[in-house]
Amino acid sequence: MNKHKDHILDVHINPNVSGLKPSATVAINDLSNELKRDGKKIFKMGLGQSPFPVPECVVEALRENAHQKDYLPVKGLRELQEAVAEHHRRNFGIDADPDDVLIGPGSKELMFVLQLTYFGDLVIPAPSWVSYAPQAKIIGRHIQFLPTQFENDWHLTPEDLEERCTLDPGRPRLLILNYPLNPTGTTMSKARLEKLAQVADRYRVVLLSDEIYGKIHHDGAHQSIVPFYPEGTIFSGGLSKWCGAGGWRLGVFVFPRSLRWLLKAMAAVGTETFTSTSAPIQYAAVRAFQEGPEIDAYLKKSRRVLKGLGNAIARRLDEAGARVRYPQGGFYLFPDFSAFRGKLEARGIKTSADMSRRLLEDTGVAFLPGSDFGRSPEELTARLAYVDFNGKEALEAVGSISEDHPFDENFLKTYFGKVIEAIDRINEWMTR
Ligand code: GLU
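Residues numbered from 1 in each chain as written. Predicted model: local features only at pLDDT ≥ 70, side-chain atom pairs only at ≥ 80, totals over all residues. Heavy atoms only, no water.

Caption draft 1: View of the site of the ligand. In the vicinity of the ligand, the residues found are T25, L47, G48, K108, W129, N182, Y213, K241, Y332 and R383. Contacts to the ligand include W129, whose side-chain N or O atom sits 3.1 Å from an oxygen atom. One of the side-chain nitrogen or oxygen atoms of K241 is found 3.1 Å away from a nitrogen atom of the ligand. Look at the ligand: alone it shows 280 Å² of surface, and the protein chains cover 85% of it. Of the residues belonging to the shell around the ligand, the class tally is four nonpolar, three polar and three charged. (Near = heavy atom within 4 Å. Polar contact = N/O pair within 3.5 Å; in protein donor to acceptor, adjacent residues only side chain to side chain. Areas by Shrake-Rupley, 256 points an atom, 1.4 Å probe, with all protein chains shown as cover. Nonpolar A, V, L, I, M, F, W, Y, C, P; charged D, E, K, R; others polar.)

Structure representation (structure tokens):
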């Protein structure tokens, strides 16, 4: 008798999780890597991972702290809480107390803990990042999507927020705003942020301000909403995007004093789940948040690369007929390929999901469909993460040319050859 035969166990799965697929960003990355292993030429525009190396001084700090082995307090290493509070005061004008800083194993995890802990509806603009809504579904919260428009740079208008809130003014809700926005690369003006803050304040909305791309605003001109609604806003950030350290999994939340009750409850959940964030990573993160000349220079060059490349490929898409906003921060574009609907439909392509699947099969370019970001399936939008290049070489290259030197064709092809080829393949495929 085969002792090792599989036992068929009854399937008992939490109904909130049943049918849940792996997160779109993670799934497209796994698929791209698999196809690459099979020998296919793949253009990785799926996962939004920083192309740049972690600054050398931060890597050095990690080396020096590899021996750190103790569990740290759930809210984080005291020195790191202090460095984060100071960083936020210096960069964003946020009056943060180190006691109000919560460190976690990635801001994604902190967002999940927040949604679990705060009892209210989730309100998110569409498009917005792939994981906010699935997290709410897992936990069993209601989700209110607020669709946005290209004309408003894909951002929520104060009027739309107000309209939503007046429908049921007393309902507790958590609004997540993200800017510069993943998936569009666009950000909001100070005036827009002020008005949104006034509405959020009027309806006592808890606001999670996801500013993880703030430090890579292409002109270094990021404005936080926190100073406009300090008592109701939690700032969310981390090392993944501006410090090139996605795999380090280090996220931060900064709370106002008035939401200490929420921080305390989240920290209690933290003690029952992740216990504390990796110690060596936290020690190294102190160095990152302290910044200084080396990190300033790194950021300046990162922004030049992202701006120059982002504008160049937006122009290429635009000229070929896609409708696209030029990026202001981060490393994403969100073109709308509706102009090609007729041609695509003739090939049986009716949804953004069909479009991304067929594009990958036909050309090797991996991007994500707009439907993964809460847009209607038939809208032919897609998110392109323009990160498939050697970030180290690109930083050195911009460092060697003057600031007003344009990214000409030769420069683009030398340092961003795969990204440029991917865009050309997309354009050729759309117009086939
Ligand atoms: N934030 C990145 C993205 O949108 C990657 C990380 C993730 O989704 O977990 O692609």
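Caption draft 2: The arrangement of the packing of helix α4 (residues 107–117) against helix α8 (residues 260–272) in detail. Their axes nearest at 9 Å, the elements α4 and α8 cross at an angle of 110°. Of the possible angle classes, the one that applies to α4 and α8 is roughly perpendicular. Considering only the axes of α4 and α8, their crossing is right-handed. Residues L110, V113, L114, L116 and T117 of α4 pack against L262, A265, M266 and V269 of α8. Considering only residue class, the contact of α4 with α8 consists of eight nonpolar, one polar and no charged. (Axes fitted to C-alpha atoms, helices over the stretch in contact; angles between N-to-C directions. Helix = DSSP H or I, 4+ residues; strand = E, 2+ residues; numbered from the N terminus. Parallel < 35°, antiparallel > 145°, perpendicular 65-115°, else oblique. Left-handed = near helix turned anticlockwise from the far one by under 90°. Contact = heavy atoms within 4.5 Å.)

Caption draft 3: Fine view of the packing of helix α10 (residues 293–320) against helix α15 (residues 417–430). Two elements in contact, α10 and α15, have axes whose closest approach is 10 Å; the angle formed by their N-to-C orientations is 15°. One finds that α10 runs roughly parallel with respect to α15. Crossing hand, α10 versus α15: right-handed. Residues L309, I313, R316, L317 and A320 of α10 form the contact with α15, whose own contacting residues are V419, I420, I423, D424, I426 and N427. Across the contact of α10 with α15, the residue classes break down as eight nonpolar, one polar and two charged.

Caption draft 4: Just the nonpolar core, in detail. The biggest cluster of nonpolar side chains holds 85 residues, and the ones touching the most others in it are L239, F289, F337, M355, F416 and I426. Examining the composition of this core, we find that ten residues originate from one element, α10, more than from any other. F337 has contacts with L317, A322, M355, F367, L380, A382, I426 and M430, leaving out every residue within four places of it along the chain. Within the second largest apolar cluster, 39 residues are counted, among which are I28, V130, L259 and L263. (Core = buried A, V, L, I, M, F, W, Y, C linked by side-chain atoms within 4.5 Å. Buried < 20%, exposed > 50% of the residue type's maximum accessible area, 1.4 Å probe, protein only.)

Caption draft 5: Quick look at the packing of aromatic side chains. All told, the structure shown has 18 aromatic pairs when counted by the stated rule. Between F52 and F389 the ring centres are 6.1 Å apart and the planes differ by 70°, which places this aromatic pair in the edge-to-face class. With a gap of 337 residues between them, F52 in the loop between β1 (43–44) and α2 (56–64) and F389 in the loop between β12 (382–385) and α13 (391–399) connect regions that are remote in the sequence. Residue F389 is classed as buried on the basis of its relative accessible area, which comes to 11%. Taking the centre distance of 5.7 Å and the plane angle of 90° together, the rings of Y213 and F331 count as edge-to-face. Note that Y213 is positioned in the loop between β6 (206–210) and β7 (233–238) and F331 in the loop between α10 and β9 (332–333), a separation of 118 residues in sequence. Take F331: its relative accessible area is 0%, and that puts it in the buried class. Grouped by ring-pair contacts, the aromatic residues F52, F389, F407, F411, Y415 and F416 constitute a single cluster. A cation over an aromatic ring shows up here: K418 above the ring of F43, its NZ or CZ 5.4 Å from the ring centre. (Phe/Tyr/Trp six-rings, centres within 6.5 Å; stacked < 30°, edge-to-face > 60°. Lys NZ or Arg CZ within 6 Å of the ring centre and 35° of its normal.)

Caption draft 6: The arrangement of the sheet that holds strand β2 (residues 101–104) in detail. Spatially, β2-β8-β7-β6-β5-β3-β4 is the arrangement adopted by the seven strands of the open sheet, whose pairing is mixed. Either end of the sheet is taken by a strand with one partner, and the two such strands are β2 and β4 (143–147). The sheet shows a mean angle of 20° between the axes of neighbouring strands, direction not considered. Bridge count between strand β3 (residues 121–126) and strand β5 (residues 173–178): three bridges; the pairing is parallel. Paired with D121 across the bridge in β5 is R173. Its contacts with the sheet put α4 on β2, β3, β5, β6, β7 and β8 (251–254), and the angle it makes with β8 is roughly 45°. (Pairing = 2+ DSSP bridges.)

Caption draft 7: Looking closely at the pattern of salt bridges. By the definition in use, this model includes 31 salt bridges. Each of D97, D100, R257 and R260 takes part in a single network of salt bridges with overlapping partners. (Salt bridge = Lys/Arg side-chain N within 4 Å of Asp/Glu carboxyl O.)

Caption draft 8: Local environment of the side chain of R303. As for its placement among the helices and strands, R303 is situated in helix α10. Of the side chains with opposite charge, E291 comes closest to the buried, unpaired R303, at an N-O distance of 6.4 Å. (Lys, Arg positive; Asp, Glu negative; His and termini not counted.)

Caption draft 9: Inspection of the side chain of R316 at higher detail. With respect to the helices and strands, the residue R316 is situated in helix α10. Residue R316 is classed as buried on the basis of its relative accessible area, which comes to 17%. Only 2.7 Å separates the side chain of R316 from the side chain of E409, close enough to count as a polar contact. Ignoring any residue separated from it by four or fewer positions in sequence, one finds R316 in contact with E409, L412, K413, I420, I423, D424 and N427.

Caption draft 10: Representation of the pairing of β8. Side-chain alternation along β8 places G251 and F253 on one buried face and V252 and V254 on a second face that is also buried. Two elements, β7 and β8, share four bridges in a ladder whose sense is antiparallel. Residue pairing for β8: F235 is matched across the bridge by V254.

Caption draft 11: Spotlight on the sheet that holds strand β11 (residues 368–369). Taken in spatial order, the three strands line up as β9-β12-β11 in an open sheet, and their pairing is antiparallel. The strands lining the two open edges of the sheet, one partner per strand, are β9 and β11. Relative to β12, β11 runs antiparallel, the two being bridged by two bridges. Within β12, the residue paired with P369 across the bridge is A382.

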